[in-house]
Amino acid sequence: MTPFTFRDVTFYTLTVWATFLVLSLAYGAIRYPDTFRDTGALPLLGATVVAYAVIALALTWLGAPFAWLLGWALRGVHRRWVHVVAFGLLGFVAAAVIALVAAAGAPISGSILLLSVIVAPVCGGCTAFARWVAFRLRDRRRAMSERAGVSVDRVAGS
């Protein structure tokens, strides 16, 4: 299997982040609908969403080297479902570890641990989904380049 290029890894990482953010915002809109309807709370809501997005993006990029290492370790594995499952497990474990570190010594550690039970599987799902999407888009890009007679690998810089 051809290793992912920098472009593939960047797209994969941003897809993990965007998927997690969309799912989180959808959950917030369903769980707390009044917050989204109250126009007086919109500036606070906007600031919270931006802060949340920045924190989630930072944590996603901190995990990118681990994703790259896992991809490198799986370079000889040709079955894509193995990659998707392995990356899902990586996202699950990373989220669980972050939640456990956040809960250590926190006065609301019970709430954080409960949240980690919810967030860790969601992060695993987002990570697996993003790996699947990255494979699909790389295949689409490769098919388009073959029709045009241009090498995808050469275009991507590898």
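One can find the structure itself at the top, above this paragraph.
Attention now goes to the overall build of the chain. Of regular secondary structure, the chain possesses six helices and zero strands. In the chain, the succession of α and β elements from N to C terminus is α-α-α-α-α-α. Expressed as a percentage of its 158 residues, the buried residues of the chain come to 30%. For the chain, the proportion of contacts with a sequence separation of at least 24, taken over those separated by at least 6, is 75%. Put simply, the chain shows about 10100 Å² of open surface, and 74% of that area lies on carbon and sulfur atoms.

Quick look at the environment of Ala53 now. Looking at the secondary structure, you find Ala53 in helix H3 (residues 42-73). Taking the C-alpha atoms as reference, Ala53 lies 9.9 Å from Ser24; in sequence the two are 29 residues apart.

Another aspect to go through is the nonpolar core. Of all hydrophobic cores here, the largest spans 11 residues; its members are Phe4, Val9, Tyr12, Val16, Ala67, Leu74, Ala86, Phe87, Ala130, Ala134 and Phe135. If you list the elements that add at least two residues to this core, you get helix H1 (6-31), helix H4 (80-103) and helix H5 (109-148). Setting aside residues up to four positions removed in sequence, Phe87 forms contacts with Tyr12, Ala67, Leu70, Gly71, Leu74, Thr127, Ala128 and Arg131. Within the second largest apolar cluster, six residues are counted, among which are Phe20, Ala56, Ala95 and Cys123.

Analysis parameters
- Residues numbered from 1 in each chain as written.
- Predicted model: local features only at pLDDT ≥ 70, side-chain atom pairs only at ≥ 80, totals over all residues.
- Heavy atoms only, no water.
- Helix = DSSP H or I, 4+ residues; strand = E, 2+ residues; numbered from the N terminus.
- Buried < 20%, exposed > 50% of the residue type's maximum accessible area, 1.4 Å probe, protein only.
- Contact = heavy atoms within 4.5 Å.
- Areas by Shrake-Rupley, 256 points an atom, 1.4 Å probe, with all protein chains shown as cover.
- Core = buried A, V, L, I, M, F, W, Y, C linked by side-chain atoms within 4.5 Å.

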